[in-house]
Amino acid sequence: MARILFNHVYKKYGKDNTYAVKDFNLEIHDKEFVVFVGPSGCGKSTTLRMVAGLEDISEGEMFINDEKINDLPPKDRDIAMVFQNYALYPNMSVYENIAFGLRLRKMPKHEIDLNVRRAARVLEIEQFLLRKPKQLSGGQRQRVALGRAIVRNPQVFLMDEPLSNLDAKLRVQMRTEIIRLHKQIGVTTIYVTHDQTEAMTMGNRIVVMKDGVIQQVDTPEGIYNLPN
Ligand code: ADP
Ligand code: ADP
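If you check an unreviewed UniProt entry, the protein chain appears there as ABC transporter ATP-binding protein from Paenibacillus chungangensis.

Here is the structure:
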């Protein structure tokens, strides 16, 4: 179970005069699927990276459940992340790619096996476990990347433009897959995209950002009904 709270969060890079993210306030509920949408450079990735602990927070506070995470190292956050460039290890099998993080954490072999097989089942890639990434299609590879992320049963799942390298048809198919995956594993999710259709079709709630600032937060229906 994971609730995420942003309390007056600001981000300034180095000696920049302007904030990449300004006065960001948001509460994300347990198991919610929230989409951050907005044009390139509006601060979506920066915000996501602050949740992951990959960027420092300049001002304000961030909480997961009731724990303040401002200074918590990334490895101590129970978070999984998938990016656009989901580099799989080319010389490892799909099984080993998914198992890798669990091996690093010295999980017992039989538990690794249970977790890998469960993730593979959820993503319907069981039949590919012994293949190498180059023997897979783009969509199958993206599913392996998702498998690698969910195999640890994280509390929070962060996705940054995970589908933007896929062709249009596959992108639409993978949207559905990700929604199904979210329903099945029920993990609190933040999904970043600049694609409005993707935002509208995927999010329980949509956070519209511009120039580092939240412009609107609403359900897809609420956003849709706004005059434009
Ligand atoms: P988005 O994800 O919406 O495209 P970003 O969060 O990547 O936006 O960027 C927000 C702003 O912060 C942009 O002006 C961008 O140039 C700046 N920015 C992002 N990363 C860095 C960085 N590592 N160093 C300096 N400025 C950065
Ligand atoms: P053992 O202890 O006999 O070596 P493991 O505990 O490594 O067995 O494996 C248990 C299960 O996990 C077996 O079904 C095995 O096929 C599977 N398995 C383990 N490692 C891999 C791998 N790298 N690729 C595919 N399947 C694996």
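Asks: I'd like a description of the layout of surface pockets, backed by residues and values.
Replies: Its volume calculated, the largest pocket comes out at about 600 Å³. Lining the largest pocket we find 24 residues, and of these Ile79, Ala80, Met81, Arg148 and Arg152 sit closest to its centre. Looking at the lining of the largest pocket, the elements with two or more residues in it are strand E6 (79-82), helix H2 (94-104) and helix H4 (138-150). Grouping the constituent residues of the lining of the largest pocket by class yields 16 nonpolar, 3 polar and 5 charged.

Asks: Which residues make up the packing of H2 against H4, and what are the values?
Replies: Contact pair H2 / H4: the axes reach a minimum separation of 7 Å and the direction vectors enclose 30 degrees. Viewed along their axes, H2 and H4 adopt a mutual orientation that is roughly parallel. The handedness of the crossing between H2 and H4 is right-handed. Here Val94, Asn97 and Ile98 of H2 come into contact with H4, specifically with Val144, Gly147 and Arg148. Of the residues in the contact of H2 with H4, the class split is 3 nonpolar, 2 polar and 1 charged.

Asks: Pulling in residues and values, what's your account of the site of ligand 1?
Replies: All residues adjacent to ligand 1 are Tyr13, Ala20, Pro39, Ser40, Gly41, Cys42, Gly43, Lys44, Ser45 and Thr46. Backbone polar atom of Cys42 to an oxygen atom of ligand 1: 3.1 Å apart, as the coordinates give it. At 2.9 Å from an oxygen atom of ligand 1 is found a side-chain nitrogen or oxygen belonging to Lys44. When isolated, ligand 1 has an accessible area of 560 Å², and the protein chains bury 56% of it. By residue class, the composition of the shell around ligand 1 is 4 nonpolar, 5 polar and 1 charged.

Asks: Break down the sheet that holds strand E9 (residues 205-210) for me, citing the residues and quoting the values.
Replies: Spatially, E6-E7-E8-E3-E9-E10 is the arrangement adopted by the 6 strands of the open sheet, whose pairing is mixed. The two strands at the open ends of the sheet, each matched to only one other strand, are E6 and strand E10 (213-218). Going across the sheet, the axis of each strand differs from the next one's by a mean of 15 degrees, ignoring polarity. Sheet analysis places strand E3 (residues 33-37) next to strand E8 (residues 188-193), joined by 5 bridges and oriented parallel. Looking across to E8, one finds that Val35 is bridged to Tyr191. Running over the sheet, H4 touches E6 and strand E7 (156-160) and is turned about 165 degrees from E6.

Asks: Residue-level account of the sheet that holds strand E5 (residues 67-68), with values.
Replies: What links the strands of a sheet is backbone hydrogen bonding, and the strands pair in either a parallel or an antiparallel sense. Here 4 strands make up an open sheet; going across it, the order is E2-E1-E4-E5 and the pairing antiparallel. The open sheet is flanked by strand E2 (21-28) and E5, the only strands paired with a single partner. Across 2 bridges, the pairing between strand E4 (residues 59-64) and E5 is antiparallel. Within the sheet, the bridge partner assigned to Phe63 lies in E5 and is Lys68. Seen against the sheet, helix H1 (residues 44-52) touches strand E1 (4-11), E2 and E4 and runs at an angle of roughly 120 degrees to E1.

Reading the values: rules and limits
Residue indices begin from 1 for each chain and proceed along its sequence in written order. Here chains are named by letter from A upward and ligands by number from 1 upward, in the order in which they appear as written. Local features are withheld for residues below a pLDDT of 70 in this predicted model, meaning they are given only at 70 or higher, and side-chain atom pairs are given and counted only at 80 or more; totals for whole chains, interfaces and linings count all residues. The side-chain values count all of the structure's non-hydrogen atoms but skip hydrogen atoms and water molecules. A 1.4 Å probe that fits but cannot get out identifies a cavity on a 1 Å grid over protein atoms alone, an open set with protein on both sides within 12 Å along at least five of seven lines counts as a pocket, and a residue lines either if it has an atom within 4 Å of a point. Grid points are joined across faces, edges and corners, and a volume is the space filled by probe spheres set on the points. Helix numbering and strand numbering both begin at the N terminus, where a helix is a DSSP run of H or I of at least 4 residues and a strand a DSSP run of E of at least 2. When residues are grouped by polarity, Ala, Val, Leu, Ile, Met, Phe, Trp, Tyr, Cys and Pro land in nonpolar, Asp, Glu, Lys and Arg in charged, and all others, Gly among them, in polar. To define axes, lines are fitted to C-alpha atoms, for helices over the stretch in contact only, and angles between the resulting N-to-C directions are given on a 0 to 180 degree scale. Each angle is binned into one of four classes, with values under 35 degrees roughly parallel, values over 145 roughly antiparallel, values of 65 to 115 roughly perpendicular, and all other values oblique. Should the near helix be turned anticlockwise from the far one by less than a right angle, the crossing is termed left-handed; should it be turned clockwise, right-handed. The contact definition used throughout considers only heavy atoms, calling two residues in contact when any of these lie within 4.5 Å. Definition of nearness: a residue and a molecule or strand are near each other if at least one heavy atom of the residue lies within 4 Å of the molecule or strand. Two N or O atoms form a polar contact when they lie within 3.5 Å of each other; inside protein one atom must be a possible hydrogen donor and the other a possible acceptor, and for residues adjacent in sequence the pair counts only when both atoms belong to side chains. Each accessible area value is a Shrake-Rupley result obtained with a 1.4 Å probe; residue values ignore everything except the protein chains displayed when judging cover. Strand pairing is assigned whenever DSSP detects at least two bridges linking the two strands.

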